[in-house]
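Letter by letter, the chains look like this.
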Amino acid sequence: MVLRSYWKCRLKSSCFPAPRWIRPGLAALFWFCVTQLVCGAGALGENKFVRQKNAEFDVTYNDTVKSYNQTIYAFNHTISRNKTEGVRVTVDVMQQHLESPILFVIRQKQAVMSFQVPLILRGLYQRKYPYKHVGRTLCQPPTRAASETQYFFVDVSTLSSQETNFQLRVSRVESFTLQTDRKFSFAASPSQPQFFKYVFPDGVDTVIVKVNSDVNFPCSVMSVQDIQCPVYDLDNNVAFIGMYQTMTKKGAITVQRKDFPSNSFYVVVVVKTEDEACGGPLRFYPLQPDELIDAGNRTKDLDVVVSPAINSEKYVIGMLFCLGIFLSFYVLTLLVACVENKRMKRREMFPNPPDTSPAETASLLGKNGDGKTPASPYEYGSFADNGSTLSSEAITDSATSTDNNYGYLERSLDSVARSRQESLSSVEEDDYDTLEDIDSDKNIVRTKKYLCVSDLARKDKRILSKKYQIYFWNIATIAVFYALPVIQLVITYQTVVNVTGNQDICYYNFLCAHPLGALSAFNNILSNLGYVMLGLLFLLIVFKRDVTHSRALLRNDLNALECGIPKHFGVYYAMGTALMMEGLLSACYHVCPNYTNFQFDTSFMYMIAGLCMLKLYQKRHPDINASAYTAYACLAAVIFFSVLGVVFGRGNMVFWIVFSVIHILATLLLSTQLYYMGRWRLDAGIMRRIVYVIYTDCIRQCSGPMYIDRMVLLVMGNIVNWSLAAYGLIERPNDFASYLLAIAICNLLLYFAFYIIMKLRSGERIKCLPVVCILFTAVVWGFALYFFFQGLSTWQKTPAESREHNRDCILLSFFDDHDIWHFLSSIAMFGSFLVLLTMDDDLDTVQRDKIYVF
């Protein structure tokens with residue numbers, strides 16, 4: 001009842017009436033408040049206001065800005081569908097010290113750009129570089145109308161309580177659209193990046209964008225981006241989209257129409273705040289975290305040109321050229337095989353008895369020009385026995401053992417066949433076949449002063465054949481397990497490059513990198529086809545010889561059983577497989593070449609060099625050659641050190657000291673193994689025996705080395721290897737993998753030259769085919785090395801520095817210098833393999849006890 005009475009009083013305004021003096025007071029109070037609010041609003045309107053000006057192009061506006069005012073500059077311009085003009089906004093701040101930066105916001109129809117002045121760009125370790133002169137090119141949105149007037153506004157504001165002077169200028173970029181094959185020069189800086197538009201002309205699907213400069217620094221970045229807003233044209237965001245790469249003097253990006261649906265793209269050039277990414281010096285670390293560092297003058301003059309790349313016809317010509325070169329070797333091999341078959345048939349019609357060696361011929365004549373019998377196997381050659389007395393190296397009298405073993409045991413074909421059948425019984429690899437008396441002792445046979453091949457070819461042929469076949473099966477297994485993860489890794493590399501657009505990951509020759517599908521440099525991959533095709537051809541040649549030799553053995557051919565260098569083809573098969581794998585892994589490396597996968601390109605080079613040396617040694621030392629397991633274990637150690645050198649060897653003195661010591665020790669151990677034919681032991685008494693030999697041979701009596709020729713080779717080898725070790729320790733080359741490969745190649749060449757010299761010295765001859773192969777291979781190797789040392793790129797430097805070595809294509813507008821190196825080196829390796837295969841063909845009818853070991 002009380003509440004209801006109260007509401008009635010309010011509605012009727014008759015209950016508890018207010019005094020009359022209160023009503024005018026409330027009205028006065030209300031009027032006073034309203035007046036104050038209005039006056040306050042008026043005062044506020046006087047202190048904070050927005051001013052809009054209609055502005056024009058190519059006019060410089062000098063103005064001031066403060067916290068209570070904001071200026072808007074309104075611009076309009078006409079754009080057309082067939083012509084694109086760039087619009088560039090340039091801002092300068094006149095004062096040195098600012099309380100707060102000035103904010104510029106540019107509002108367009110379909111885009112907004114904002115930046116502050118001074119513009120703060122960050123470098124490494126959060127270094128801050130202020131720029132008071134800023135220039136930006138506006139993004140140009142596409143228009144569908146034939147002609148359209150568009151408006152954009154430049155808003156200028158600040159939070160500074162002090163007036164700040166600035167200059168604003170908006171101008172048109174007349175050469176905003178790049179023309180094909182027409183060079184355009186411009187200048188850029190970190191705060192004034194530049195970008196231009198390029199439209200694919202009709203009939204052109206691929207172009208190469210080249211940016212050049214006369215100076216290395218400041219470091220810059222070139223980028224190719226799709227036509228969209230915003231354009232990422234600052235150092236801190238240029239990597240957000242598109243393809244990009246750092247550059248000093250040269251930069252090149254191949255662009256395909258299929259990657260840009262609008263048939264056009266932007267070429268963006270940004271100068272970096274620091275030069276460290278291009279291999280330049282790094283600035284000092286600021287003393288205070290927020291300290292601003294003066295970047296100095298970092299303006300760089302550049303020029304850009306867009307040129308059409310090759311068309312599909314060039315791709316076809318390049319592939320046909322590559323196939324044609326290497327298929328011609330198949331045709332040539334077929335012709336040589338036909339001629340050889342005819343010669344063999346003629347020989348079968350008129351068989352000749354087994355030949356004798358030149359030294360044997362001389363001994364049969366009984367005279368050596370002066371009426372004397374040759375004193376040593378080498379006297380008929382260039383050198384004579386020096387008559388040195390035997391030292392403690394010899395275990396028995398060499399003269400006695402020589403007389404007992406140089407006679408050739410005449411056996412009929414029946415006895416040869418019977419002994420061969422007996423050799424098929426189960427024997428151990430380290431055991432000899434049934435020998436007579438003293439000949440069964442390895443120490444007696446292998447320590448003779450003059451050895452013949454028959455002395456080191458006494459093991460069971462079946463077991464030796466299986467032993468050397470392991471070389472092939474092992475390398476085939478290694479190839480499979482090595483190649484599969486390599487292929488997977490390089491596919492991942494290429495995917496990362498295509499997705500991120502970061503072309504600093506791979507060290508291509510960007511001036512001659514022709515893409516195909518997802519591959520960025522198809523020509524560098526195609527040129528490795530020669531290794532695969534010629535490796536396969538070598539395997540076919542070896543297989544043909546293997547079959548021919550097997551048939552001769554089945555016929556009990558005396559020449560195949562008892563004459564010539566023992567035929568073991570397992571290492572040859574391994575060499576051909578290694579050559580094919582070199583081509584495959586080199587192609588994988590060139591999918592994305594960089595320092596992390598360079599071992600893909602060199603691993604099988606080490607294998608090829610090692611297998612060639614092993615084959616040279618095996619020719620005349622078949623019984624004591626290294627097993628496949630030992631050989632591949634040593635090669636695995638070499639590859640292991642190669643990886644360590646690439647990762648840790650650059651400028652690391654400790655690593656080089658350790659490696660040089662290991663290199664020298666390995667050289668000494670190998671020299672001892674070769675000199676004593678494996679008849680020595682590495683145990684606790686090794687030092688005592690060394691001291692004893694030095695005492696007996698150097699102190700008690702001065703006697704020369706027993707095996708002079710062997711000693712000459714090993715001394716030369718030690719000089720070469722010690723010199724290479726000293727060079728590595730002093731110079732510490734950055735490319736450790738190539739340095740290691742140079743060691744292997746130098747040792748191979750030294751041993752090969754020694755083999756040739758000793759072969760000629762022993763009175764042996766080299767047939768026409770090996771001579772042609774030697775001369776041809778030497779010439780090809782010379783040209784190949786010339787192109788190899790051109791150095792079109794190098795991962796020892798930064799990607800930007802590597803591009804300074806890039807050069808244009810020189811063959812068919814498709815292949816560069818490195819591709820020609822691939823062509824020539826594959827041919828040279830194939831020729832080198834043929835030399836090893838055919839070099840001793842002159843001995844096929846010479847009895848093995850007349851073929852000397854050296």
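Conventions used here
- Residues numbered from 1 in each chain as written.
- Predicted model: local features only at pLDDT ≥ 70, side-chain atom pairs only at ≥ 80, totals over all residues.
- Heavy atoms only, no water.
- Phe/Tyr/Trp six-rings, centres within 6.5 Å; stacked < 30°, edge-to-face > 60°.
- Helix = DSSP H or I, 4+ residues; strand = E, 2+ residues; numbered from the N terminus.
- Buried < 20%, exposed > 50% of the residue type's maximum accessible area, 1.4 Å probe, protein only.
- Pairing = 2+ DSSP bridges.
- Axes fitted to C-alpha atoms, helices over the stretch in contact; angles between N-to-C directions.
- Parallel < 35°, antiparallel > 145°, perpendicular 65-115°, else oblique.
- Left-handed = near helix turned anticlockwise from the far one by under 90°.
- Contact = heavy atoms within 4.5 Å.
- Disulfide = S-S within 2.5 Å.
- pLDDT = per-residue confidence, 0-100.
- Core = buried A, V, L, I, M, F, W, Y, C linked by side-chain atoms within 4.5 Å.
- Salt bridge = Lys/Arg side-chain N within 4 Å of Asp/Glu carboxyl O.
- Lys, Arg positive; Asp, Glu negative; His and termini not counted.

Caption draft 1: Here's a closer look at the packing of aromatic side chains. Considering all chains together, one arrives at 56 aromatic pairs under this definition. Measuring from ring centre to ring centre gives 6.1 Å for Tyr482 and Phe604, while their planes differ by 80°; the resulting arrangement is edge-to-face. Of this pair, Tyr482 sits in helix α8 (residues 461–500) while Phe604 sits in helix α13 (residues 598–620), and the two are 122 residues apart along the sequence. For Tyr482, a relative accessible area of 18% corresponds to the buried category. For Phe604, a relative accessible area of 1% translates into the label buried.

Caption draft 2: The arrangement of the pairing of strand β15 (residues 220–226) in detail. In terms of burial, β15 is largely enclosed, as six of its seven residues are buried. Two elements, β15 and strand β16 (residues 243–247), share five bridges in a ladder whose sense is antiparallel. Bridge pairing in β16 places Ser223 opposite Tyr244. Note that β15 and strand β18 (residues 264–271) share seven bridges and pair antiparallel.

Caption draft 3: Region of the structure containing the sheet that holds strand β6 (residues 112–117). Spatially, the five strands line up as an open sheet ordered β1-β3-β10-β5-β6, and their pairing is mixed. The open sheet has two free edges, formed respectively by β1 (49–54) and β6, since each of these has just one partner strand. Recorded for the sheet is a direction-independent mean angle of 20° between the axes of neighbouring strands. Bridge analysis of strand β5 (residues 102–107) against strand β10 (residues 147–158) gives six bridges, and the strand direction is antiparallel. Looking at the pairing, Ile102 lines up with Thr158 of β10.

Caption draft 4: Fine view of the packing of helix α14 (residues 628–648) against helix α15 (residues 653–675). Packing of α14 against α15 brings their axes to within 11 Å, and their N-to-C directions diverge by 160°. The angle between α14 and α15 falls in the class roughly antiparallel. Between α14 and α15 the crossing geometry is left-handed. Across from Phe641, Leu644, Gly645 and Phe648 in α14, the residues of α15 making contact are Phe655, Phe659 and Ile662.

Caption draft 5: Representation of the state of the cysteines within the structure. In the structure shown here, the tally under the stated rule is four disulfides. With its sulfur 1.9 Å from that of its partner, Cys219 forms a disulfide with Cys278. The chirality of the disulfide connecting Cys219 with Cys278 is right-handed, given an S-S dihedral of about 50°. Here Cys219 is found in the loop between β14 (206–212) and β15, whereas its partner Cys278 is found in the loop between β18 and β19 (300–308), with 59 residues between them in sequence. Note on accessibility: Cys219 and Cys278 belong to one class, buried. The residue that forms a disulfide with Cys512 is Cys809, at a sulfur-sulfur distance of 1.8 Å. Between Cys512 and Cys809 the disulfide shows an S-S torsion of about 105°. By sign, it is right-handed.

Caption draft 6: Geometry of the sheet that holds strand β2 (residues 60–65). The strand order across the open sheet formed by four strands is β2-β11-β4-β9, and the pairing between neighbours is antiparallel. At either end of the open sheet lies a strand with only one pairing partner, and these are β2 and β9 (133–137). Going from strand to strand, the sheet's axes swing by 20° on average, the running direction of each strand aside. Pairing geometry for strand β4 (residues 86–93) and strand β11 (residues 164–173), over eight bridges, is antiparallel. The residue bridging Asp92 from the neighbouring strand is Gln167, located in β11.

Caption draft 7: Structural view of the environment of Val255. Residue placement: Val255 occurs in strand β17 (residues 250–256). Sequence separation of Val255 and Phe265 is 10 residues, and the distance between their C-alpha atoms is 9.2 Å. If sequence neighbours within four positions are ignored, Val255 has contacts with Phe200, Asp205, Thr206, Val207, Val209, Val224, Met243, Phe260 and Phe265.

Caption draft 8: Region of interest: the confidence of the model for the protein. Looking at the protein as a whole, its pLDDT mean stands at 81, while 81% of the residues score no less than 70. Under a pLDDT of 50 for its full length, residues 1–46 has, in the predicted model, three contacts with residues more than four places off or in other chains.

Caption draft 9: Seen up close, the nonpolar core. Ranked by size, the top nonpolar core spans 110 residues in total, and within it Tyr471, Phe538, Met575, Phe604, Leu611 and Tyr632 carry the most contacts. Excluding its chain neighbours within four sequence positions, the residues that come into contact with Met575 are Phe538, Leu611, Cys612, Lys615, Phe833 and Leu836. Grouped together as the second largest cluster of nonpolar side chains are 31 residues, Tyr61, Phe75, Met113 and Val154 included.

Caption draft 10: Examining the pattern of salt bridges more closely. Across all of its chains, the model carries 25 salt bridges by this definition. When the shortest N-O distance is used, the salt bridge between Asp63 and Arg51 registers 3.3 Å. With Asp63 in strand β2 and Arg51 in strand β1, the pair connects residues that are 12 residues apart, well separated along the chain. Through salt bridges with shared partners, a single ionic network connects Lys619, Arg620, Lys759, Glu764, Asp840 and Asp842.

Caption draft 11: Quick look at unusual backbone geometry. Put simply, Phe217 and Pro218 share a cis peptide bond, and its omega is 10°. Of the consecutive residues Cys229 and Pro230, the connecting peptide bond is found in the cis state with omega at 0°. Along the polypeptide, Pro230 turns up in the loop between β15 and β16. For Asp181, which is not a glycine, the phi torsion comes out positive at approximately 60°. Within the element layout of this structure, Asp181 appears in the loop between β11 and β12 (184–188). Phi at Arg732 is positive, roughly 50°, even though this residue is not glycine. Among the residues examined, Arg732 registers a relative accessible area of 27% and is labelled partly exposed.

Caption draft 12: Fine view of the side chain of Lys615. Structurally, Lys615 can be placed in helix α13. For the buried Lys615, no salt bridge is present, and the opposite-charge side chain at shortest range is Asp840, 8.8 Å distant.

Caption draft 13: Representation of the packing of helix α17 (residues 708–731) against helix α18 (residues 736–761) within the structure. α18 packs onto α17 with a crossing angle of 160° between their chain directions and a minimal axis gap of 11 Å. Taken together, α17 and α18 sit at an angle that is classed as roughly antiparallel. The two elements α17 and α18 cross, and the hand of that crossing is right-handed. For the pair formed by α17 and α18, the contact residues are Asp709, Leu713, Met716, Gly717, Val720, Asn721, Leu724, Ala725, Tyr727 and Gly728 on the first element and Tyr739, Ile743, Cys746, Asn747, Leu750, Tyr751, Phe754, Met758 and Arg761 on the second.

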